[in-house]
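# Secondary and tertiary structure notes
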Amino acid sequence: MKFRWGLLFGLSVVWTVASAANALERQPASVYHARRVALADHLQGGIAVLFAAEEPQLDFMPYRQDSDFYYLTGWTEPGAALMIVGDAPGAATPRAYTEILFLPTRDLRMEKYTGVKMDAATPGIVQATGVDAVEPMTELPAEMNKLIGADRRLATKLWTQPLAPQAKALVEFTAATLGMTSAPETKDGTDLTAQLRVEKDPGEIELLKKASEASIKAQFAMMRAVKPGRTERAIAGLMTAAWMENGCERPSYAPIVGSGVNSTTLHYSANDRMMEDGDILLVDAACEYSMYASDITRTVPVNGHFTPRQREIYNIVLGAQQAAIDAFVAGKSTINDRDRQDPNSLDTVAYNYINTHGKDLHGDPLGKYWLHGLGHMVGIDVHDPAAYPAVLKPGMVFTIEPGIYIPEEKLGVRIECDFLVGEDGKLIDLDAALPHTADEVEAAMRAK
Ligand code: GLY
Ligand code: MN
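Predicted model only: the values in this text are computed from it and were never measured.

The rules we used
- Residues numbered from 1 in each chain as written.
- Chains lettered and ligands numbered in written order.
- Predicted model: local features only at pLDDT ≥ 70, side-chain atom pairs only at ≥ 80, totals over all residues.
- Heavy atoms only, no water.
- Core = buried A, V, L, I, M, F, W, Y, C linked by side-chain atoms within 4.5 Å.
- Buried < 20%, exposed > 50% of the residue type's maximum accessible area, 1.4 Å probe, protein only.
- Helix = DSSP H or I, 4+ residues; strand = E, 2+ residues; numbered from the N terminus.
- Contact = heavy atoms within 4.5 Å.
- Donors = N, O, S within 2.8 Å, 3.2 Å for Na, K, Ca; no water.
- Pairing = 2+ DSSP bridges.
- Axes fitted to C-alpha atoms, helices over the stretch in contact; angles between N-to-C directions.
- Near = heavy atom within 4 Å.
- Polar contact = N/O pair within 3.5 Å; in protein donor to acceptor, adjacent residues only side chain to side chain.
- Areas by Shrake-Rupley, 256 points an atom, 1.4 Å probe, with all protein chains shown as cover.
- Nonpolar A, V, L, I, M, F, W, Y, C, P; charged D, E, K, R; others polar.

## What to know about the nonpolar core
One finds Val 226, Phe 398 and Ile 404 to be the most contacted residues of the largest nonpolar core, which totals 100 residues. Tallying contributions element by element places helix H9 (residues 202–225) first for this core, with 10 residues. In this structure, Ile 404 is in contact with Ile 313, Ile 316, Val 317, Ile 354, Leu 366, Tyr 369, Leu 411, Gly 412 and Val 413, ignoring residues within four places of it in sequence. Of all hydrophobic cores here, the second largest spans 21 residues; its members include Ile 100, Phe 102, Met 137 and Leu 140.

Here's what the structure looks like:
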């Protein structure tokens, strides 16, 4: 189905819905529909109700759609709810697959601030959303009452986002409308969406590649601009400009531009220091393209030349990344295994490499200076959900990002690339165009 649409719209399996230059690229409506049907297959004949993100209380604060909601609908407007009823032909009251998108009552005053929204009465709304049925949000409790009233055993098969206050309120209200003495326990619907999201389809891979391409351009811009006397924040700023110029809507996380000892703080984001001659600079910064993230780290010498010690540590981190790449076997290797004991775990491979190469100033092995997991899934979220340690299979996109952080030496190095497991089981480095070796980094910095 995905490929049929791909042929209809040229080679691309995504397209831009609106004509605005920077509008999000969406996948065909059939793709989101297929994901909802796939979710229904996991519901054991039950009901899933998932909520979209709410518009922020302070409407001028950033808004981003809930990731699961986006995955299932491609819908970006706030305050919606999606109900999916699983097929249950043998139930007391036989049910067929049903999907309904509930849209909130428009707030015409707020629309003056945040823009016009659609509701269930908007002409062409079913086509615009691609969901089989669209109803006003006020109908959601009525639909719940109707379904569970007809088969009360359904109350034990409700899948929601456990942290969504709307989900709790809906379940409590439904229980009250049905005269139940207490609200039923719900199941975690995000466990199911996590399973679906972990293997990316061709349209998602296309968007992830675009996020990588824009992030690569910004990393190159960084390498050309870094020099003593510039601030970390100026570097974050010029990377942000490059992301926006290349079609991204936002950074995928707060940019980490850490020079000197700041390079050893894993998620440093103050970015308020002036870079000095001789510093190392760790830049973990990438952007989101049409809701899909990239996650890239490069570590560079501020004056364009690694010191021998910086180069030594750099090469150990690069060697650890390469060791993990070399050890990779699709369907067998795992990522993000904090125990670092299992030989199938790429974390174990990278850790053993770091721990057997180089020493700190006291002659101790370097393993203790690597403080985090080797990698994580990347998708609609920069840390996409998965059950870790995760076995790596075709269609998965994940980071390999070993690091060594030695505060005593004001020396932190992390090298992070995003990898796709191809259909043939081989690893594809989405950031292959960027410098990897220390010499390549220095050469990119010379190309000012
Ligand atoms: N890029 C930040 C992280 O992966 O934790
Ligand atoms: Mn990462």
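Anyway, onward from the coordinates.
## Focus on the coordination of the manganese ion (ligand 2)
Taken together, the protein ligands of the manganese ion (ligand 2) are Asp 295 (OD), His 376 (NE2), Glu 401 (OE) and Glu 416 (OE), with distances of 2.0 to 2.2 Å. In primary sequence terms, the donor set of the manganese ion (ligand 2) follows D-x80-H-x24-E-x14-E. One end of the pair, Glu 401, is in the loop between strand S17 (397–400) and strand S18 (403–406); the other, Glu 416, is in the loop between strand S19 (411–414) and strand S20 (417–421), with 15 residues separating them in the sequence. Comparing Glu 401 with Glu 416 shows no difference in burial state: the two are buried.

## Topic: the sheet that holds strand S11 (residues 280–284)
Within a sheet, adjacent strands bond to each other through the backbone by hydrogen bonds, running parallel or antiparallel. Reading across the sheet, the 3 strands line up as S10-S11-S14 and stay open at both edges, with antiparallel pairing between neighbours. Of all the strands in the sheet, the pair left with one neighbour each is strand S10 (256–259) and strand S14 (297–301). Across the sheet, the mean angle separating the axes of adjacent strands is 15° when strand polarity is ignored. Sheet analysis places S10 next to S11, joined by 4 bridges and oriented antiparallel. Residue pairing across strands places Val 257 opposite Val 283, the latter belonging to S11.

## Regarding the environment of Phe 306
Within the secondary structure layout, Phe 306 lies in the loop between S14 and helix H11 (308–327). Taking relative accessible area as the criterion, Phe 306 reaches 8% and is therefore assigned buried. Through-space distance from the C-alpha of Phe 306 to that of Ile 280 is 7.8 Å; in sequence the pair is 26 residues apart. Those residues in contact with Phe 306, other than ones at most four positions away along the chain, are Ile 280, Thr 299, Val 300, Pro 301, Arg 311, Tyr 314, Ala 438, Val 441 and Glu 442.

## A look at the site of ligand 1
Taken together, Tyr 253, His 267, Asp 284, Asp 295, His 376, His 383, Glu 401 and Glu 416 make up the full set of residues near ligand 1. Separating an oxygen atom of ligand 1 from a side-chain N or O atom of His 376 is a distance of 3.0 Å. Here an oxygen atom of ligand 1 and a side-chain polar atom of His 383 are 2.8 Å apart. Within the complex, 91% of the 200 Å² of free accessible area of ligand 1 lies under protein. Of the residues in the shell around ligand 1, the class split is 1 nonpolar, 3 polar and 4 charged.

That's the geometry; what it means functionally is another story.
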